[in-house]
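Here's the letter readout for the chains.
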Amino acid sequence: MNTEELTNKLKEYDNIDAFLTENEANFDENGFKAFLETLLQRENTNITKLALGSGVSVPYAHQLFNGAKNRPRKDILLRLAFGLALSLEETNRLLTLGGTSPLRAKVRRDSILIFCLNKQMGQDEADELLCHYGLATV
């Protein structure tokens with residue numbers, strides 16, 4: 001269930017205890033690590049290969065996956081998203097679960113990143129576009 005659906009469902013409840021109990025499976029606490037593990041399994045890869053292909057240090061990637069690092073920088077998460085060839089929706093979920101803000105089209109840099117994700121471009125192509133517009137690369 002996505003956030004909007006869960007929010008709408010919450011409006012129907014008069015008792016928060018009932019809502020929390022009945023919707024336990026829909027909460028994202030501890031979801032960051034689980035989401036990363038699901039993505040690795042789906043892509044049939046491992047942490048080391050993902051790190052090397054994403055430009056993230058291998059020790060740091062292992063810390064992310066074992067929960068030792070729980071607030072990574074947004075660009076680290078974006079590197080992982082490009083490394084896993086995530087969709088925009090998956091990227092925003094990764095960013096949100098990782099404790100950062102999702103990409104927003106009202107932000108110039110984010111607009112370029114959204115464009116690149118939607119066009120299934122790689123990180124190198126995204127960085128080239130960002131450079132072209134004088135913006136920080138991922």
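Draft legend 1. Representation of helix α5 (residues 58-66). Listed as buried for α5 are A61, L64 and F65. Each buried residue of α5 sits inside an arc of 95° when the element is viewed along its axis, so together they form one side. Contact partners of the buried residues in α5: α3 (31-43), α4 (47-54) and α6 (74-83). The N-cap of α5, judged by a side-chain oxygen 3.2 Å from the amide nitrogen of Y60 a few residues on, is S57. Among the residues trailing α5, G67 stands out with phi positive, at a value near 90°.

Draft legend 2. Seen up close, the packing of aromatic side chains. According to the stated counting rule, one finds 1 aromatic pair in the structure shown. Between the aromatic rings of Y13 and F19, the centroid separation amounts to 5.2 Å while the plane-to-plane angle is 75°, which identifies the pairing as edge-to-face. In this arrangement the basic side chain of R93 is found over the ring face of F35, its NZ or CZ atom lying 4.6 Å from the centre.

Draft legend 3. How the structure looks around the environment of L97. Of note, L97 is situated in helix α7 (residues 88-97). Sequence spacing of L97 and N70 is 27 residues, and the spatial spacing of their C-alpha atoms is 9.4 Å.

Draft legend 4. Broad picture of the packing of α3 against α7. Between α3 and α7, the shortest axis-to-axis distance is 9 Å and the interhelical angle comes to 145°. Crossing handedness for the pair α3 and α7: left-handed. Listed contacts from α7 to G31, F32, F35, L36 and R42 of α3 are E90, R93, L94 and L97.

Draft legend 5. Representation of the pattern of salt bridges. Going through the model one piece at a time under the given rule, you end up with 5 salt bridges. The shortest N-O distance in the salt bridge between R42 and E43 comes to 3.1 Å. Judged by its relative accessible area of 42%, R42 falls in the partly exposed class. Each of R42, E43 and E90 takes part in salt bridges that share partners, so that together they form one network.

Draft legend 6. Summary view of the nonpolar core. Core analysis: the biggest nonpolar cluster contains 32 residues, and F32, F65, L80, F82, L94, L103 and L113 have the highest contact counts within it. If you list the elements that add at least two residues to this core, you get α3, α4, α5, α6, α7, α8 (108-118) and α9 (123-132). The leading source of residues in this core is α6, at 6 residues. Sequence-distant contacts of L94, that is, excluding residues within four places in its chain, are made with F32, F35, L36, L77, L80, A81 and L86.

Draft legend 7. Structural detail: α7. The complete set of buried residues in α7 reads E90, T91, N92, L94, L95 and L97. The secondary structure elements touched by the buried residues of α7 are α3, α6 and α8. G99 sits one or two positions beyond α7 and adopts a positive phi of about 90°.

Draft legend 8. Structural context of a nonpolar patch on the surface. On the surface, L10, I16 and L20 cluster together to form a nonpolar patch covering roughly 240 Å² of accessible area. Position of L10 among the secondary structure elements: in helix α1 (residues 3-11). Overall, the relative accessible area of 35% leaves L10 in the partly exposed class.

Rules behind the numbers
Residues numbered from 1 in each chain as written. Predicted model: local features only at pLDDT ≥ 70, side-chain atom pairs only at ≥ 80, totals over all residues. Heavy atoms only, no water. Buried < 20%, exposed > 50% of the residue type's maximum accessible area, 1.4 Å probe, protein only. Helix = DSSP H or I, 4+ residues; strand = E, 2+ residues; numbered from the N terminus. Arc of directions from axis to C-beta. Contact = heavy atoms within 4.5 Å. Polar contact = N/O pair within 3.5 Å; in protein donor to acceptor, adjacent residues only side chain to side chain. Phe/Tyr/Trp six-rings, centres within 6.5 Å; stacked < 30°, edge-to-face > 60°. Lys NZ or Arg CZ within 6 Å of the ring centre and 35° of its normal. Axes fitted to C-alpha atoms, helices over the stretch in contact; angles between N-to-C directions. Left-handed = near helix turned anticlockwise from the far one by under 90°. Salt bridge = Lys/Arg side-chain N within 4 Å of Asp/Glu carboxyl O. Core = buried A, V, L, I, M, F, W, Y, C linked by side-chain atoms within 4.5 Å. Patch = residues over 30% accessible without salt bridge, like charges linked within 9 Å, V, L, I, M, F, W, Y side chains within 5 Å. Areas by Shrake-Rupley, 256 points an atom, 1.4 Å probe, with all protein chains shown as cover.

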